[in-house]
Amino acid sequence: MNSPQTILKVEGLRKNYGGVPALQGVDFELTRGEVCGLIGPNGSGKSTLFDCCTGLQKSDAGRVLLKGTDITQWPMNRIAREGRLLRSFQKTVVFPTMDSEENLILAGQMARFPGIASTFSIGRKSRERVAALRERARELIEVSGLARVAHLPAGNMSGGQQKLLQFATMLMPQPELVLLDEPLAGINPILIERVIECIRTGNKQFGITFLVIEHNTDVLMDLSHRVIVLHQGQKLADDTPEAIVRNPAVVEAYLGG
Ligand SMILES: Nc1ncnc2c1ncn2[C@@H]1O[C@H](COP(=O)(O)OP(=O)(O)O)[C@@H](O)[C@H]1O
Ligand SMILES: [Mg+2]
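Below is a short write-up of the structure. Positions within a chain are numbered from 1, following the residues in the order the chain's sequence is written. Here chains are named by letter from A upward and ligands by number from 1 upward, in the order in which they appear as written. Residues qualify for local features only when their pLDDT is at least 70, as the model is predicted, and side-chain atom pairs are given and counted only at 80 or more; totals for whole chains, interfaces and linings, by contrast, use all residues. Water and hydrogen atoms play no part in the side-chain values, which are based on all heavy atoms of the structure.

**So, the overall build of the protein chain**
When helices and strands are tallied, the protein chain shows 10 helices and 10 strands. Against the globule reference of 18 Å for 257 residues, the protein chain gives a C-alpha radius of gyration of 19 Å, in line with a compact fold. In terms of overall dimensions, the protein chain has C-alpha extents of about 60 × 40 × 35 Å along its principal axes. By the burial criterion, 48% of the 257 residues in the protein chain qualify as buried. Should any heavy atoms of two residues lie within 4.5 Å, those residues are considered in contact. Across the protein chain, the fraction of contacts at a sequence separation of at least 24, relative to all contacts at a separation of at least 6, is 68%. Helix and strand definitions here come from DSSP, where helices need a minimum of 4 consecutive H or I residues and strands a minimum of 2 consecutive E residues; each element is numbered from the N-terminal end. In this description the radius of gyration comes from C-alpha coordinates, and the expected globular size is given by 2.2 Å times residues to the power 0.38. Each residue is placed in one exposure class: buried if its accessible area under a 1.4 Å probe, protein chains only, is under 20% of its type's maximum, exposed if it is over 50%, and partly exposed if it falls in between.

**A few points about the site of ligand 1**
Close to ligand 1 lie Y17, V20, A22, P41, N42, G43, S44, G45, K46, S47 and T48, which account for all nearby residues. Two N or O atoms count as a polar contact when they lie within 3.5 Å, although within protein this holds only if one can serve as hydrogen donor and the other as acceptor, and sequence-adjacent residues are included solely when both atoms are side-chain atoms. Within the contact set of ligand 1, an oxygen atom lies 2.5 Å away from a side-chain nitrogen or oxygen of T48. Here the open area of atoms and residues is found with the Shrake-Rupley method and a 1.4 Å probe, where only the protein chains shown may cover a residue. With the chains in place, 60% of the 560 Å² that ligand 1 exposes on its own is no longer accessible. Elements with a minimum of two residues in the shell around ligand 1: strand 2 (20-31) and helix 1 (46-53). Examining the composition of the shell around ligand 1, we find that three residues originate from one element, helix 1, more than from any other. In the shell around ligand 1, the residues fall into four nonpolar, six polar and one charged. Definition of nearness: a residue and a molecule or strand are near each other if at least one heavy atom of the residue lies within 4 Å of the molecule or strand. When residues are grouped by polarity, Ala, Val, Leu, Ile, Met, Phe, Trp, Tyr, Cys and Pro land in nonpolar, Asp, Glu, Lys and Arg in charged, and all others, Gly among them, in polar.

**A word on the sheet that holds strand 1 (residues 6-17)**
At least two DSSP bridges between two strands are required for those strands to pair. Taken together, the four strands give an open sheet; going across it, the order is 2-1-4-5, and neighbouring strands pair in antiparallel fashion. Each edge of the open sheet carries a strand with a single partner, namely strand 2 and strand 5 (69-70). With five bridges connecting them, strand 1 and strand 4 (residues 61-66) associate as antiparallel partners. Its bridge partner being in strand 4, L8 is matched across the sheet by L66.

**Brief notes about the side chain of S224**
In this structure, S224 sits in the loop between helix 8 (217-223) and strand 9 (226-231). Given a relative accessible area of 6%, S224 falls into the buried group. A distance of 3.4 Å separates a polar side-chain atom of S224 from the backbone nitrogen of G37. At 2.8 Å, the side chain of S224 forms a polar contact with the backbone oxygen of L220.

**Here's the deal with the pairing of strand 8 (residues 209-213)**
Among the five residues of strand 8, five are classified as buried, and the element is accordingly described as predominantly covered. By the alternation rule, side chains of strand 8 split into T209, L211 and I213 and F210 and V212, which are all buried. Where strand 3 (residues 35-39) and strand 8 come together, four bridges link them in parallel fashion. The residue of strand 8 that forms the bridge with V35 is F210. Sheet topology places strand 7 (residues 177-181) next to strand 8; five bridges connect them, and they run parallel. Bridge pairing in strand 8 links D181 to I213. Here the term right-handed applies to a crossover when the path leading from its first strand over the helix to its second strand runs clockwise, the strands being oriented away from the viewer. Taking the sense of rotation as the criterion, the β-α-β connection linking strand 7, helix 7 (residues 189-204) and strand 8 turns out right-handed.

**Concerning the nonpolar core**
Here is a general trend for soluble globular proteins: nonpolar side chains tend to be buried in one another's company. By nonpolar core we mean a set of buried residues, namely Ala, Val, Leu, Ile, Met, Phe, Trp, Tyr and Cys, connected to one another through side-chain atoms within 4.5 Å. Judged by nonpolar contacts, the single largest core of 46 residues is most densely connected at I39, F167, L180, F210 and I244. Where a domain begins and ends is set by an automatic assignment or by a domain database. Built from parts of two domains, this core gets at least three residues from each of domain 1 (1-84 + 175-257) and domain 2 (93-174). The residues contacting F167, other than those within four sequence positions of it, are L180, C198, I199 and F210. Listed in part, the 26 residues of the second largest apolar core include L13, C52, I79 and L85.

**Quick look at a nonpolar patch on the surface**
On the surface, L56, M76 and F89 cluster together into a nonpolar patch covering about 260 Å² of accessible area. On the basis of relative accessible area, F89 is assigned to the partly exposed category, the value being 43%. The residues that make up patches have over 30% relative accessible area and no salt bridge, and they are joined within 9 Å when like-charged or within 5 Å when they are Val, Leu, Ile, Met, Phe, Trp or Tyr. Whenever Lys or Arg places a side-chain nitrogen within 4 Å of a carboxyl oxygen from Asp or Glu, that contact is recorded as a salt bridge.

**Quick look at the pattern of salt bridges**
All told, the structure shown has 17 salt bridges when counted by the stated rule. Measuring nitrogen to oxygen at the nearest pair gives 3.0 Å for the salt bridge that ties E176 to R32. Here the residue E176 occupies a position in the loop between helix 6 (159-171) and strand 7, and R32 occupies one in the loop between strand 2 and strand 3, the gap between them amounting to 144 residues. Taking the relative accessible area as the measure of exposure, E176 reaches 18% and is therefore buried. Look at R32 and you get partly exposed, because its relative accessible area is 34%. Among the salt bridges present, the one from K67 reaches E176, with a minimum N-O distance of 2.9 Å. With K67 in the loop between strand 4 and strand 5 and E176 in the loop between helix 6 and strand 7, this pair connects stretches of sequence that are 109 residues apart. By relative accessible area, which is 32% here, K67 ends up partly exposed.

If you want it as structure tokens, here you go:
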């Protein structure tokens, strides 16, 4: 049985790349409303786990259940649109000539109404839709602390600001579950605080469940309600941050190294 509190359930997930076993039978569950951290040494299978949950890669065995529905064979865009499960990539991508609001509205349009005709159609329905998207875009510009630079073409904003914009872009289509792959990589300490605030607000204000891969373990332990540790494609531990940092097997495999 799948409890309604369980938003994601992964069962016996396996993935090999040629002879390389990237995932060797991984099981875990995510509870609706939590922020869960995912750590592990380089090459332990963290990104592959995201790839297999979001349909970017086909797993060799095992199942992924989203809100009780088996999505293992679903293509990526269906998982994103119907499942409302989104992920970030390490590379930042924004439309450089558009300002923040335009980037956000376009993201909302593409996610909900991907047809070109509906995106650029005229008429009352379309205007109402854009007005609603504009309102959400403005709210997210506030949440992400971009108000001061929101009028600039996104290409003229700093790398960190673009990262914040991309984060806001992900929240436009009102996802229920977001997987973040190293959201703090390569950004300065002030922006780290901002991104953390955005994740916290997304979680508390919008009720979004997060699974976060992050090498900055101090930040991750502080942010997460629970932490899962991967090691050589297997789950090594799954516990509260306090218990994880005191787990000898984790310290040996990862934290101490
Ligand atoms: N697209 C791919 N093709 C071939 N091998 C891959 C691919 N993606 C990951 N791997 C391999 O799978 C293993 C797990 O990688 P990855 O999931 O990226 O780990 P992590 O994100 O924890 O660093 C590594 O040995 C890596 O080299
Ligand atoms: Mg990775």
